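Spelled out from the first residue to the last, the chains are:
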Amino acid sequence: MRKIAIVSAVILGIVVAAWSETPLDVVKSNIDYVLEALTNKKIPVEEKKRRIREAFEKTLDWEKIATLVLGIHNRRITPEKKKKFTLLFKEFIENVYANKFLRYSGEKIVYGKQFISGNRASVNMQLITTKGQRIPIVCRLIKRNGKWLIYDVMIEGISMVNNYRIQVNNVITKKGIDGLLKILERKVKRYKKA
Amino acid sequence: MRWWLALILSVFLITSFSSTYAAWNVEVPPASEGFEESFNASMPDPFEPLNKFFFNVNDKLYYWVLRPAAKGYGKVVPKPVRRSIDNFFYNLFTPVRLINELLQFKFKKLAKDFARFLANTTIGIGGLFDPAAKWFNLPRENEDLGQTLGVYGIGHIAYIDWPLLGPSSVRDTAGEIGDSFLDPIFYMVTTWTYIAIEAVYEFNKFSLNPDQYDEIKQEAFDPYISLRNIYFQYREEQVRE
């Protein structure tokens, strides 16, 4: 009986902790997790990459991102094609950002305010380069099943989702969804080789 | 000498108090639902065929000439020196920024930028170093006439991808030309010397981050559209700031 009480208390504790995680906590804990690996010289590059991918996997809302990036084409393509696009786009973005993170050279991150309205939120940050330059970054989050997930990142006012959506619209209009998937496949392959 | 120090000190005091209300720490609208489904505003591009032609020219120019040249230059001139060159010119162009901050009624920025100028010109040895950003929490400000026009409500009118110079717009090109007329140095040297100064500044700056365009291209599905949109979003953000 006592065991059950302890176990349920622990479970309750975990659930409460997960529920009370604010958008800022989500962003900060994941960046800390990645930076910890990046600054540790003993950890090999492959392990670093794996950790970056792991953080991306659990904190980004890939379904939402794919929907937004597809924009008006989201409802026009088959579910299979969407699934394929989501997987490829995820792999592509993970590679793009893994490369960016791997170039980390002691930049500092300052966290600012978080803004929550309903199930949407944004978290302000600044990346301070070793030169002392400040690069504003904003993460946009959405609440899914009680958990905050990132669905867009804005660096110096440039929204990742917006930038890819405009391009995707252009490519699909000209070459169709298959043309887009072909481009994505080629890009992902190139990252794998490198 | 004593009034000089007093001036620097008082400006720092003002700015250190005001820096807690930093411009970056405000809500980015909209964090709410609805914005995702609509297409955001984008850059008007009536000259697209011509721009695409020059985009391709610039692409070749970048891979065949500019990037190799910048990397070669980077091997000869060490990075700290190139940074100091960049700092020096950036500091030299401060009057233009101050005028634009005035034209945009951004007095807090004006005070900060002036403090930056004083600190970097004195402690930073004529602007070669940037103690203002490192020690006094006064980062670089970027204000130009293109942004001033944007603040006044003037749109880009049309996108222009200039050969060699890259992405710009009708508004921002007019701004660039206007900025040189606002620059005291423009009246101190011959026009060709001024163009040479600008060219050295831009090439040196390019050498500090020569892979940026290549990265944008690798990360894009349609590099032309991506570059145009990045330019547009970046300038919009600068106008908003």
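About the thresholds
- Residues numbered from 1 in each chain as written.
- Chains lettered and ligands numbered in written order.
- Predicted model: local features only at pLDDT ≥ 70, side-chain atom pairs only at ≥ 80, totals over all residues.
- Heavy atoms only, no water.
- Buried < 20%, exposed > 50% of the residue type's maximum accessible area, 1.4 Å probe, protein only.
- Helix = DSSP H or I, 4+ residues; strand = E, 2+ residues; numbered from the N terminus.
- Pairing = 2+ DSSP bridges.
- Core = buried A, V, L, I, M, F, W, Y, C linked by side-chain atoms within 4.5 Å.
- Contact = heavy atoms within 4.5 Å.
- Buried area = accessible area lost by both parts, 1.4 Å probe.
- Salt bridge = Lys/Arg side-chain N within 4 Å of Asp/Glu carboxyl O.
- Polar contact = N/O pair within 3.5 Å; in protein donor to acceptor, adjacent residues only side chain to side chain.
- Nonpolar A, V, L, I, M, F, W, Y, C, P; charged D, E, K, R; others polar.
- Expected span 1.5 Å × (residues − 1).
- Bend = angle between axes of the 7 residues up to and from the residue.
- Phe/Tyr/Trp six-rings, centres within 6.5 Å; stacked < 30°, edge-to-face > 60°.
- Lys NZ or Arg CZ within 6 Å of the ring centre and 35° of its normal.
- Patch = residues over 30% accessible without salt bridge, like charges linked within 9 Å, V, L, I, M, F, W, Y side chains within 5 Å.
- Areas by Shrake-Rupley, 256 points an atom, 1.4 Å probe, with all protein chains shown as cover.

(A) Region of interest: the pairing of strand β2 (residues 120-128) of chain A. All names here are of chain A. For β2, the buried fraction is high: eight of the nine residues fall into the buried class. A loop of two residues connects strand β1 (residues 108-117) with β2, the two strands running antiparallel in sequence, and Gly 118 in this loop sits at a positive phi of about 65°. Here nine bridges tie β2 to strand β3 (residues 134-144), and the two strands are oriented antiparallel to one another. Bridging across to β3, Ser 122 finds its partner in Arg 140. Turn length for the β2-β3 hairpin, with the two strands adjacent in sequence and antiparallel, is five residues, and the turn residue Gly 132 shows positive phi of about 95°.

(B) Layout of the nonpolar core. Core analysis: the largest hydrophobic core is formed by 51 residues, its most contacted members being Phe85(A), Phe89(A), Phe92(A), Ile93(A), Leu141(A) and Phe221(B). Among the elements of the structure, α2 (23-39), α3 (45-59), α4 (62-70), α5 (79-102), β2, β3, β4 (147-155) and α6 (160-193) of chain A are those that each provide at least two residues to this core. In this view, Ile93(A) contacts Phe56(A), Trp62(A), Met160(A) and Tyr164(A); residues no more than four positions away in its chain are not counted. Among the nonpolar cores identified, the runner-up in size contains 14 residues, and Ile158(A), Tyr213(B), Ile225(B) and Tyr231(B) belong to it.

(C) View of α4(A). Residue and element names in this part refer to chain A. For α4, a buried count of seven out of nine residues is recorded, marking the element as mostly surrounded by other parts of the structure. Of the residues making up α4, those classed as buried are Trp 62, Lys 64, Ile 65, Ala 66, Leu 68, Val 69 and Leu 70. One or two steps after α4, the chain reaches Gly 71, where phi turns positive at roughly 55°.

(D) Structural context of the interface of chain B and chain A. Contacts between the two partners involve 39 residues from chain B and, on the opposite side, 51 residues from chain A. Carbon and sulfur atoms supply 52% of the area that chain B and chain A bury against each other, a total of about 4000 Å² over both sides. Counting the contacts that link chain B with chain A gives three salt bridges. Salt-bridge contacts for Lys100(A) lead to Glu219(B); the nearest nitrogen and oxygen are separated by 3.0 Å. Scanning the region where chain B abuts chain A turns up 16 residue pairs in polar contact (both at pLDDT 80 or more). Elements supplying a minimum of two residues to the side of chain B that touches chain A: α3 (79-92), α6 (131-135), α11 (212-218) and α12 (223-240) of chain B. Top element by residues in the side of chain B that touches chain A is α12(B). It accounts for seven residues. Classifying every residue of the side of chain B that touches chain A gives 15 nonpolar, nine polar and 15 charged.

(E) Helix α2 (residues 48-76) of chain B, seen in detail. All names here are of chain B. Over its 29 residues, α2 runs 39 Å from end to end, which matches the ideal 42 Å to within 8%, given 1.5 Å per residue. Maximum bend of α2: about 50°, positioned at Tyr 62. In this structure, the buried residues of α2 make contact with α3, β1 (159-162), β2 (166-169), α10 (191-208), α11 and α12.

(F) Expanded view of the packing of aromatic side chains. As enumerated under the stated definition, the model contains 29 aromatic pairs over all chains in all. Between Phe56(A) and Tyr97(A), the aromatic rings sit 6.0 Å apart at their centres with planes inclined by 40°, giving tilted as the arrangement. Taken together, the positions of Phe56(A) in helix α3 and Tyr97(A) in helix α5 put the pair 41 residues apart, joining distant regions of the chain. When sorted by exposure, Phe56(A) lands in the same class as Tyr97(A), which is buried. Residues Phe53(B) and Phe54(B) carry aromatic rings whose centres are separated by 5.3 Å and whose planes lie at 65° to one another, so their mutual orientation is edge-to-face. According to the relative accessible area criterion, Phe54(B) is partly exposed, its value standing at 22%. Through successive ring pairs, a cluster of aromatic residues spans Phe55(B), Tyr62(B), Tyr63(B), Tyr159(B), Phe206(B), Tyr213(B), Tyr224(B) and Tyr231(B). When the ring centre of Tyr33(A) is taken as reference, the NZ or CZ atom of Lys58(A) above it lies at 5.2 Å.

(G) How the structure looks around a nonpolar patch on the surface. A grouping of Phe47(B), Leu50(B), Leu102(B), Leu103(B), Phe105(B), Phe107(B), Val151(B), Tyr152(B), Ile154(B), Ile157(B) and Val170(B) is seen on the molecular surface, where their side chains present a nonpolar patch of about 1000 Å² in accessible area. Checked against the element boundaries, Leu50(B) lands in helix α2.

(H) Fine view of the side chain of Arg228(B). For Arg228(B), the location among the structural elements is in helix α12. With residues near it in sequence (within four places) discarded, Arg228(B) still touches Met43(B), Asp45(B), Glu48(B) and Tyr159(B).

(I) Layout of the pattern of salt bridges. Residues and elements named next belong to chain B. In this structure the tally under the stated criterion is 34 salt bridges over all chains. Asp 130 is the partner of Arg 116 in a salt bridge, and the nearest nitrogen-oxygen pair spans 3.4 Å. Here the residue Arg 116 occupies a position in helix α5 (residues 107-122), and Asp 130 occupies one in the loop between α5 and α6, the gap between them amounting to 14 residues. Classification of Arg 116 by relative accessible area gives buried; the value is 5%. The class for Asp 130 is buried, based on a relative accessible area of 13%. Among the ionic pairs, Arg 240 bridges to Glu 237, the shortest N-O distance being 2.9 Å. Of this pair, Arg 240 and Glu 237 both sit in helix α12, separated by three residues, roughly a single helical turn. With a relative accessible area of 56%, Arg 240 lands in the exposed category. A residue is classified by how much of its surface remains accessible, and Glu 237, at 18% relative accessible area, is buried.

Nothing here speaks to function; it is geometry throughout.
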